[in-house]
Amino acid sequence: MPAVVPQLKTITIGGAAAGVGIEATSFRQGLVHDTLLEMDGWLPHGELVTCAPDNARSDLFFGFPNS
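Now for a description of the structure that goes with this document. (Residues numbered from 1 in each chain as written. Predicted model: local features only at pLDDT ≥ 70, side-chain atom pairs only at ≥ 80, totals over all residues. Heavy atoms only, no water.)

## Re unusual backbone geometry
In terms of backbone geometry, most residues other than glycine have negative phi values and most peptide bonds are trans. Of note, the phi angle at asparagine 66 is positive, near 65°, even though the residue is not glycine. Its relative accessible area of 64% is what places asparagine 66 among the exposed residues. (Buried < 20%, exposed > 50% of the residue type's maximum accessible area, 1.4 Å probe, protein only.)

Below, the structure written as structure tokens:
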């Protein structure tokens, strides 16, 4: 279960993370992207990569919020 759950039905977790979503539980847990441990993303040439704060794709992990 996500620590910060989007409250509107049309918002996805990915959209909330990319858009720096703030929800009712953000005062305790932080913004949506602050609670993520890792993310999977597609690169332009079709490769699926896992981005985390401590792996080779950390630049993508930290660049995702507000993208």
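## Re the pairing of strand E1 (residues 39-42)
Walk down a regular strand and you will see the side chains alternate between the two sheet faces. As defined by bridge partners, E1 adjoins strand E2 (residues 48-51) across 4 bridges and the pair is classed as antiparallel. Paired with tryptophan 42 across the bridge in E2 is leucine 48. The turn linking E1 back onto E2 is made up of 5 residues, and glycine 46 within it adopts a positive phi angle of 100°. (Pairing = 2+ DSSP bridges. Helix = DSSP H or I, 4+ residues; strand = E, 2+ residues; numbered from the N terminus.)

## Comments concerning the nonpolar core
Membership of the largest hydrophobic core is limited to 5 residues, which are Met39, Leu43, Val49, Cys51 and Phe61. Setting aside residues no more than four positions away along its own chain, leucine 43 makes contact with Val49, Arg57 and Leu60. (Core = buried A, V, L, I, M, F, W, Y, C linked by side-chain atoms within 4.5 Å. Contact = heavy atoms within 4.5 Å.)

## Looking at the environment of cysteine 51
Residue position: cysteine 51 is located in strand E2. By relative accessible area, which is 5% here, cysteine 51 ends up buried. A sequence separation of 39 residues divides cysteine 51 from threonine 12, and the C-alpha atoms of the two residues are 18 Å apart. Each residue touching cysteine 51, except ones within four places of it in the same chain, is listed here: Glu38, Met39, Arg57, Leu60 and Phe61.

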